[in-house]
Amino acid sequence: MNLMVRKKDFSLFLLFSLIIILVNNSNFIEVIGFGFSILLAGASVLGIAFSFVYIINKKTISKDLVPVVNQFLIFAVAVFLMSFHGPSKFLGLQRSFQVLSVLGIFYLFYSGGLKGRAPFVFNGVRKLIIIAFVIHFLLSLVGIKVAAFSEYSGLLLNPNGFGMWVAVLSLLVLSVKPDNKHYNILFFAVSLYLVFISGSRTSLLALLVGVLIINTPYRIIKSRFFKLAFIFGLFLLSFLIVYSTVYMDLSSYNEAVKETSGKNLQSGRHLIWPAVMDSVWVKPWFGWGSGAGLNDIFARTFSVHNAYLQTLMQNGFIGLLLMLSIILKIYFVIYKAVGSQYFKLALAMLSALIMINNFEITMFQNNLALSYPVWAACGLAFGHYHYQRKTGTL
């Protein structure tokens, strides 16, 4: 029996590791052929139906998680229906399945956490991440010019993707064994260095927000005031980032940043985001369709580089509210586990993901392989909270 449990633990660890390795193949759903996509869609529908029958029959879901599942389904259905009035119906349909894939990852690891597999998985993944970081640290020192914001991408293709990968996964390492302070300080220094040379200021901000959560004392973090003020602050910051870029002149501040870091603060967003907002006011409620991109609305092929604006453009204010409601549901679900072993891990990684999506699109579409580890960690941590309650170890 112990051997069987161990095999299941190891299989969950391998799956988590595979999700991390897939970080450089994040658009796999969008590049597969049409026929295989139809097959995948059919299999997804059957898999989802089977999963919910299993959940109902086996009662493997807590009442705390029901609102999250319901919100995911509502958002997925909304994205699905909004696909049909857009320019690219097939891409829109794919994005509805991407939303469901996030729910699938979350629930799969939540189920593993319910069975007490979280320590084995988190400790194994922690070691894997440390090895990967050491390899990248050594590679950065061998024949590579390292400077401030030098756009180092390691073994990945994209420096921003590498920076985000480092920021998110370093929070897992720092959270799993928080008492090992001297080792964590050293690891944080390496993580900060790797993010710094990647040139990703988004990742730097996300890393610092996550580390703030990890090091905030429990007497503060468990208070109702902090719980509400923190999520309000994250949402307010997201709003101010868009508002200041679209409606304010930041040219003088941008020049100061360029002189200091050699990087453009706005990076073209001051041109793209106002155009996106103009398109939003044309179709404010349901957007231009789930499969819509910038090139479908005007002659630009750039990315929006903001998951909230992208959703607003595609699915209107209705879609954005549904998306934000999922984030809120998961945030408050995680807070139900305050004081549990991996509470700070889940909260730190979710907070970092919220920050990253102010400048990238990784939450429910596009670079999903970056967000999958976050959803997996949140599900595993919340499942372990219920395991601790059941076994009396909380």
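**Describing the overall build of the protein chain**
Across its full length, the protein chain holds 17 helices and zero strands. Burial status across the protein chain gives 53% buried among its 394 residues. When contacts within the protein chain are restricted to residue pairs at least 6 apart in sequence, those whose partners lie at least 24 apart make up 78%. Total accessible area on the protein chain is roughly 18,200 Å²; 68% of this is exposed by carbon and sulfur atoms.

**Side note on unusual backbone geometry**
Although it is not a glycine, H305 sits at a positive phi angle of roughly 60 degrees. As for its position among the elements, H305 is in the loop between α14 (294–297) and α15 (307–336). Taking relative accessible area as the criterion, H305 reaches 28% and is therefore assigned partly exposed.

**Topic: the confidence of the model for the protein chain**
A residue-level look at the protein chain finds 76% of positions with pLDDT of 70 or above and a mean pLDDT of 79. The weakest mean pLDDT in the protein chain belongs to helix α2 (residues 28–31) at 43; the strongest belongs to helix α16 (residues 343–356) at 94. pLDDT under 50 marks residues 22–34. Its contacts with residues more than four places away, or in other chains, come to 24 contacts.

**Let's talk about the side chain of N306**
Its location among the elements puts N306 in the loop between α14 and α15. Excluding its chain neighbours within four sequence positions, the residues that come into contact with N306 are V242, W273, N357, N358, F359, E360 and I361.

**Side note on the packing of helix α9 (residues 201–215) against α16**
Contact geometry of α9 with α16 gives a least axis separation of 8 Å together with a crossing angle of 155 degrees. One finds that α9 runs roughly antiparallel with respect to α16. Regarding α9 and α16, the two cross each other, and that crossing is right-handed. Where α9 approaches α16, its residues T202, L205, A206, V209, G210, I213, I214 and N215 are matched on the opposing element by K344, L347, A348, S351, A352, M355 and I356. For the contact of α9 with α16, the per-class residue count stands at ten nonpolar, four polar and one charged.

**Some remarks on the packing of helix α11 (residues 224–247) against helix α13 (residues 269–282)**
As a packed pair, α11 and α13 sit with axes 8 Å apart at the nearest point and diverge in direction by 100 degrees. Classified by the interaxial angle, the pair formed by α11 and α13 is roughly perpendicular. Each of I241, V242, T245, V246 and Y247 in α11 lies in contact with α13, whose residues at this interface are R269, H270, W273, P274, M277 and W281. Each residue belonging to the contact of α11 with α13 can be placed in one class, and the counts come to eight nonpolar, two polar and one charged.

**Brief notes about the packing of aromatic side chains**
Each aromatic ring pair is summarised here by two numbers: the centre-to-centre distance and the angle between the ring planes. Under the definition given, this model contains 22 aromatic pairs. Ring centres of Y243 and Y247 lie 5.2 Å apart, and the angle between their planes is 45 degrees; on these two criteria the pair is classed as tilted. Here the residue Y243 and the residue Y247 both occupy positions in helix α11, the gap between them amounting to four residues, near one helical turn. Y247 gets classed as partly exposed once you look at its relative accessible area, which sits at 48%. Ring plane angle 15 degrees and centroid distance 5.7 Å describe the contact between F364 and W375, whose orientation is recorded as stacked. With F364 in the loop between α16 and α17 (368–391) and W375 in helix α17, this pair connects stretches of sequence that are eleven residues apart.

**Digging into the environment of A376**
Along the chain, the position of A376 falls in helix α17. Judged by relative accessible area, which is 0%, A376 ranks as buried.

**Observations concerning the nonpolar core**
Core analysis: the largest hydrophobic core is formed by 113 residues, its most contacted members being F72, F122, W273, F364 and W375. In this structure F72 touches V99, V102, L103, I326, I330 and F364, once residues within four positions along its chain are discounted.

**Some remarks on α15**
Taking 1.5 Å of rise per residue, the 30 residues of α15 would be expected to cover 44 Å, yet its terminal C-alpha atoms sit only 26 Å apart, more than 12% below that figure. Among the 30 residues that make up α15, 22 are buried, leaving the element largely enclosed by the rest of the structure.

**Some thoughts on a nonpolar patch on the surface**
Among the surface-exposed residues, F232, L236, F239, L240, Y243, Y247, M248 and W281 lie close enough to one another that they form a single nonpolar patch of about 880 Å² accessible area. With six residues, the top contributor of residues to the nonpolar patch is α11. Checked against the element boundaries, M248 lands in the loop between α11 and α12 (251–261).

**Some details on the environment of D296**
Among the secondary structure elements, D296 is positioned in helix α14. Of the residues examined, D296 reaches a relative accessible area of 37% and is grouped as partly exposed.

Rules used in this analysis
Residues numbered from 1 in each chain as written. Predicted model: local features only at pLDDT ≥ 70, side-chain atom pairs only at ≥ 80, totals over all residues. Heavy atoms only, no water. Helix = DSSP H or I, 4+ residues; strand = E, 2+ residues; numbered from the N terminus. Buried < 20%, exposed > 50% of the residue type's maximum accessible area, 1.4 Å probe, protein only. Contact = heavy atoms within 4.5 Å. Areas by Shrake-Rupley, 256 points an atom, 1.4 Å probe, with all protein chains shown as cover. pLDDT = per-residue confidence, 0-100. Axes fitted to C-alpha atoms, helices over the stretch in contact; angles between N-to-C directions. Parallel < 35°, antiparallel > 145°, perpendicular 65-115°, else oblique. Left-handed = near helix turned anticlockwise from the far one by under 90°. Nonpolar A, V, L, I, M, F, W, Y, C, P; charged D, E, K, R; others polar. Phe/Tyr/Trp six-rings, centres within 6.5 Å; stacked < 30°, edge-to-face > 60°. Core = buried A, V, L, I, M, F, W, Y, C linked by side-chain atoms within 4.5 Å. Expected span 1.5 Å × (residues − 1). Patch = residues over 30% accessible without salt bridge, like charges linked within 9 Å, V, L, I, M, F, W, Y side chains within 5 Å. Salt bridge = Lys/Arg side-chain N within 4 Å of Asp/Glu carboxyl O.

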